[in-house]
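Observations on the three-dimensional arrangement
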Amino acid sequence: MNKYALIGAKLGHSYSSIIHNYVFNKLNIKASYELIETTDLASFVLYAKSNLKGFNVTIPYKEKILQYLDEISEEAKILKNVNTVKNIDGKLYGYNTDYAGFLGMLDYYNIDYCNKDCYILGSGGAAKTCFNVLKDKAKTVKLVSRSKTFENIISYDDLIDVNIDLLINATPVGMYPDIDSCPVNDLILNKTKEVVDLIYNPKETKFLKAKNSKHDGLIMLIIQALEADKIWENIKISKELIKEVGDFCEQYRAPL
Ligand code: NAP
């Protein structure tokens, strides 16, 4: 039985074990996945080298894990963070599957970003991942921050003066239980053509509801998990599998 885990500081609301264990079971893979909360990354890495075939990494360890890895993938080098680690005979190889997760989500929902004006709310790890996915094909890509303003980062006030084809929420604003909050006002929403929310709980954030959009973050979460399973267990990813896992996860969403 191959053992996998997610490591982070607070994992109470994580869907990861639900998704991975469902996939292992469905594809008859003899493997298990557990959540490991820790404040001691060094000790975890020692444990992982002799007990786990791989692990996912979340806040606050996505950058801190880099020092323990023997090699990292090209995406992880660009993003400077790792969310998936594969253990081959005690050597640790790092990858970033959030990149494929966001790209896959745009594809799954048929969201066209080529030559479009795209704005990403937030300036954290997820926002930077979205930026890197969009930057080569979009006409404009900027992060939107409450406090930082330098190259490629604008303020919320600056949004008033720009054309917005695609607006992505990569902040925690609107996430359960803060479901009555929205990261931007009606003025911005009214002139925005298309929205995507990386939040997956609730299914329909106030941000999505305002635009009657179904583009929530569950599909991104599922694709990044399936990409990790592909790295670890060589699974094949299909639209049917993504949809099936998504349907299974629906029961775990917060009731509105
Ligand atoms: P993070 O590193 O903490 O960054 C969040 C960013 O949001 C911050 O940099 C901050 O930017 C902004 N922000 C934080 N609190 C805010 C507030 N009260 N009002 C306005 N802006 C605020 O987090 P992250 O890892 O990037 O994740 C961001 C969101 O994406 C979370 O909701 C997370 O659950 C979601 N996510 C989803 C997936 C998925 O697979 N669906 C994957 C990764 C993340 P400024 O300070 O510059 O304004």
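Here, every reference points to the structure presented above.
Report on the accompanying structure. No experiment lies behind these values; they were computed from the predicted model shown.

**Looking at the overall build of the protein chain**
Helices and strands together make up the secondary structure of the protein chain, namely nine helices and eleven strands. Here the C-alpha radius of gyration of the protein chain, 18 Å, is about what a compact globule of 256 residues would show, namely 18 Å. By its C-alpha atoms, the protein chain is 55 × 40 × 30 Å across when sized along the principal axes. When the 256 residues of the protein chain are sorted by exposure, 50% land in the buried category. Put simply, of all contacts in the protein chain between residues at least 6 apart along the chain, 61% involve residues at least 24 apart. When the accessible surface of the protein chain is split by element, carbon and sulfur atoms take 49% of a total near 12800 Å². Between the averaged position of the 32 positive side-chain charges in the protein chain and that of its 33 negative side-chain charges there is a distance of 1 Å.

**Digging into the sheet that holds strand β1 (residues 2-8)**
Judged by pairing direction, the sheet is mixed, and its six strands sit side by side in the order β2-β1-β3-β5-β6-β4 without closing on themselves. Both edges of this open sheet fall to β2 (31-37) and β4 (71-72), since each of them pairs with a single strand only. Where β1 lies against strand β3 (residues 54-57), four bridges are found, and the strand directions are parallel. The residue bridging tyrosine 4 from the neighbouring strand is glycine 54, located in β3. Sheet strands in contact with helix α2 (residues 41-51) are β1, β2, β3, β5 (84-88) and β6 (91-95), and its direction is about 170 degrees off that of β1.

**Focus on the pairing of β5**
As paired strands, β3 and β5 are joined by three bridges and run antiparallel to one another. Bridge pairing in β5 links glycine 54 to lysine 86. In the sheet, β5 pairs with β6 via five bridges, with the strands oriented antiparallel. Looking at β6, one finds that isoleucine 88 is bridged to lysine 91. A loop of two residues connects β5 with β6, the two strands running antiparallel in sequence, and aspartate 89 in this loop sits at a positive phi of about 50 degrees.

**Points about the environment of aspartate 157**
With respect to the helices and strands, aspartate 157 occurs in the loop between β9 (153-155) and β10 (164-169). Through-space distance from the C-alpha of aspartate 157 to that of serine 145 is 9.9 Å; in sequence the pair is twelve residues apart.

**Here's the deal with the packing of helix α8 (residues 218-233) against helix α9 (residues 239-249)**
One can describe the packing of α8 onto α9 by two numbers: an axis separation of 10 Å at closest approach and a directional angle of 120 degrees. As the angle between them shows, α8 and α9 are arranged oblique. At the point where α8 passes α9, the crossing takes the right-handed sense. The residues of α9 that touch α8, namely those facing Leu218, Ile219, Ile222, Ile223 and Leu226, are Leu241, Ile242, Val245, Gly246 and Cys249.

**Details of the sheet that holds β10**
The parallel open sheet is built from five strands, whose spatial order is β9-β8-β7-β10-β11. At either margin of the open sheet sits one strand with a lone partner, and together these are β9 and β11 (192-197). Averaged over all pairs of adjacent strands, the angle between their axes in this sheet comes to 30 degrees, without regard to strand direction. As judged from the three bridges shared by strand β8 (residues 140-145) and β9, these two strands associate in the parallel manner. Residue pairing in the sheet places serine 145 in a bridge with serine 155 of β9.

**Here's the deal with the site of the ligand**
Ser123, Ala126, Ser145, Arg146 and Leu198 are the nearest of the 20 residues found near the ligand. Serine 123 is positioned with one of its side-chain polar atoms (N or O) 2.5 Å from an oxygen atom of the ligand. Taking leucine 221, its main chain carries an N or O atom lying 3.3 Å from an oxygen atom of the ligand. In terms of residue class, the shell around the ligand is made up of eleven nonpolar, seven polar and two charged.

What counts, and where the lines are drawn
Residues numbered from 1 in each chain as written. Predicted model: local features only at pLDDT ≥ 70, side-chain atom pairs only at ≥ 80, totals over all residues. Heavy atoms only, no water. Helix = DSSP H or I, 4+ residues; strand = E, 2+ residues; numbered from the N terminus. Rg over C-alpha atoms; globule rule 2.2 N^0.38 Å. Buried < 20%, exposed > 50% of the residue type's maximum accessible area, 1.4 Å probe, protein only. Contact = heavy atoms within 4.5 Å. Areas by Shrake-Rupley, 256 points an atom, 1.4 Å probe, with all protein chains shown as cover. Lys, Arg positive; Asp, Glu negative; His and termini not counted. Charge placed at Lys NZ, Arg CZ, Asp CG, Glu CD. Pairing = 2+ DSSP bridges. Axes fitted to C-alpha atoms, helices over the stretch in contact; angles between N-to-C directions. Parallel < 35°, antiparallel > 145°, perpendicular 65-115°, else oblique. Left-handed = near helix turned anticlockwise from the far one by under 90°. Near = heavy atom within 4 Å. Polar contact = N/O pair within 3.5 Å; in protein donor to acceptor, adjacent residues only side chain to side chain. Nonpolar A, V, L, I, M, F, W, Y, C, P; charged D, E, K, R; others polar.

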